[in-house]
Amino acid sequence: MKTRIMGFIDQFAASPARHWMSTIIAFCLANHILFAQVSRVWGDLKPGEYPVGFSVLQKYDTSRRWRDEEKGRPIQISIWYPAGDDGTALPLTYRDYFLLSASELEFAEPSGEMKAAAVAKYEDLLVSNGIPRAAAESLFSTRMYARPDIPVARGSFPLLIVAQGNFHSAHHQSILCEFLASHGYVVATCPSQTRISGPMKSDEDLYHNVLEQSGDIAFVRKQVGDHFRIDDDRVGLVSHSFSARSALFYLADNKEVRALVSLDGGIGNKQGKDFMNGKKGFDPGAIRAPLLHFYEDVESFMTPDFDLINSLKNSDRFLIRVEQMNHAQFTGFGMAGGTIPGFSIKPEETRLKCEAIYNITLRFLDAFVKDREVGAGEQFLKEIRQILPREFMSISRLDH
């Protein structure tokens, strides 16, 4: 792009109009370079070969009732995809992603006053959790990488479905979704089941929530397949926190899914290890898709326990321990903590950890979803050991 424009400028060197034309073209060039830059919350992450587009589908799952609505369960589907070119639209802001949560149930565009109130309320929540207000405001104003509704790149792409942790929406994993889409994946997510149906009231609601979110994953997969050219033989799941249970349950019934990533997921801790005990039809030995599980040991409610993961005897399982990593940092808040002043007391270390998680996740998905060649596990392990920041991360592989 830059070479073509510079050649065009040279043609006008002898023109009487060269002064104003050169000014206009230089302005356009400067803006193209600005738009092409990676978002600051990407840190040192390297984008893939594709620009990234973003689109939203607002659909009702008419096979399931929601409240007293006859039209079905509302599923707002956010989709990041490889684009054919950068387009002319400005990149989205983090605020744009966040505001999707203001319309995820009613599908109606909120007023300017409602948007401002939603942002202010969330900023107050961040401040109450120790984030300086200037840092919260900086996050919301940050330009991201994706652009809305630009043309889709030619060809078909693997599909990744990102299952959100409890009470989370599109913005929580938006950085990871952009990153993966730039490397040649269609990436889709919808709000957590707790944002659609309400919070769990007791442990007795746990299994019902797993069923609900698993149903949401299935609905997202079908809708994206109806609107985008995806390779239905190459599907992967990425999950955070509670949603790893739902993703594992979905995987048990959809064995063609090639891989599962668990970002500090509930399948690897004491609290969540027994969620499928005694459930009819769940056979851990029947799950053959490879699993990549990241975990931390800082917070007591995420105390590691691998009994469930150990029972997946026929899955190629990789466990990565991340030292001194908080549960919330496995969302986009981790990258924010590493790139926006005030979000973390150890920004450089936080950034390096999150970048490693994103890069390892990409290599895992490339190995098992995009390519899946013989010996993929050995090759993946070899590559990861070369890039793993050993001062705060370690990897192990379970026999299968």
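Only a predicted model underlies this, so the values are computations on that prediction, with no experimental measurement involved.

Caption draft 1: Region of interest: the pattern of salt bridges. The final tally for this structure, using the stated rule, is 23 salt bridges. Note that arginine 321 and glutamate 323 form a salt bridge whose closest N and O atoms lie 3.3 Å from each other. Accessibility expressed as a relative area gives 29% for arginine 321, which makes it partly exposed. On the basis of relative accessibility, which here comes to 28%, the residue glutamate 323 falls in the partly exposed class. One salt bridge in this structure joins arginine 351 and glutamate 355, with 2.9 Å as the shortest N-O distance. Of the two residues, arginine 351 and glutamate 355 are both situated in helix α12 (residues 347–371); the distance of 4 residues between them amounts to about one turn of the helix. Residues joined by salt bridges that share partners form a network here, namely Asp61, Arg64, Arg73, Glu212 and Asp216.

Caption draft 2: Examining the packing of helix α8 (residues 206–227) against helix α9 (residues 243–253) more closely. Contact geometry for α8 and α9: axes closest at 8 Å, N-to-C directions at 65°. As α8 packs across α9, the resulting crossing turns out to be right-handed. Side by side, α8 and α9 meet where Leu206, Tyr207, Asn209, Val210, Leu211, Gln213, Ser214, Ile217, Ala218 and Arg221 of the first sit next to Ser243, Arg245, Ser246, Ala247, Phe249 and Tyr250 of the second. Considered class by class, the residues forming the contact of α8 with α9 number 9 nonpolar, 5 polar and 2 charged.

Caption draft 3: Geometry of helix α11 (residues 332–339). Within α11, 7 of the 8 residues are buried, which leaves the element mostly enclosed by the surrounding structure. When α11 is considered as a whole, its buried residues turn out to be Gly332, Phe333, Gly334, Met335, Ala336, Gly337 and Gly338. Its buried side turned inward, α11 meets α3 (94–99), α4 (112–128), α5 (133–141), α6 (174–182) and α12.

Rules and cut-offs
- Residues numbered from 1 in each chain as written.
- Predicted model: local features only at pLDDT ≥ 70, side-chain atom pairs only at ≥ 80, totals over all residues.
- Heavy atoms only, no water.
- Salt bridge = Lys/Arg side-chain N within 4 Å of Asp/Glu carboxyl O.
- Buried < 20%, exposed > 50% of the residue type's maximum accessible area, 1.4 Å probe, protein only.
- Helix = DSSP H or I, 4+ residues; strand = E, 2+ residues; numbered from the N terminus.
- Axes fitted to C-alpha atoms, helices over the stretch in contact; angles between N-to-C directions.
- Left-handed = near helix turned anticlockwise from the far one by under 90°.
- Contact = heavy atoms within 4.5 Å.
- Nonpolar A, V, L, I, M, F, W, Y, C, P; charged D, E, K, R; others polar.

So far we have only geometry, and geometry alone does not tell us how the molecule works.
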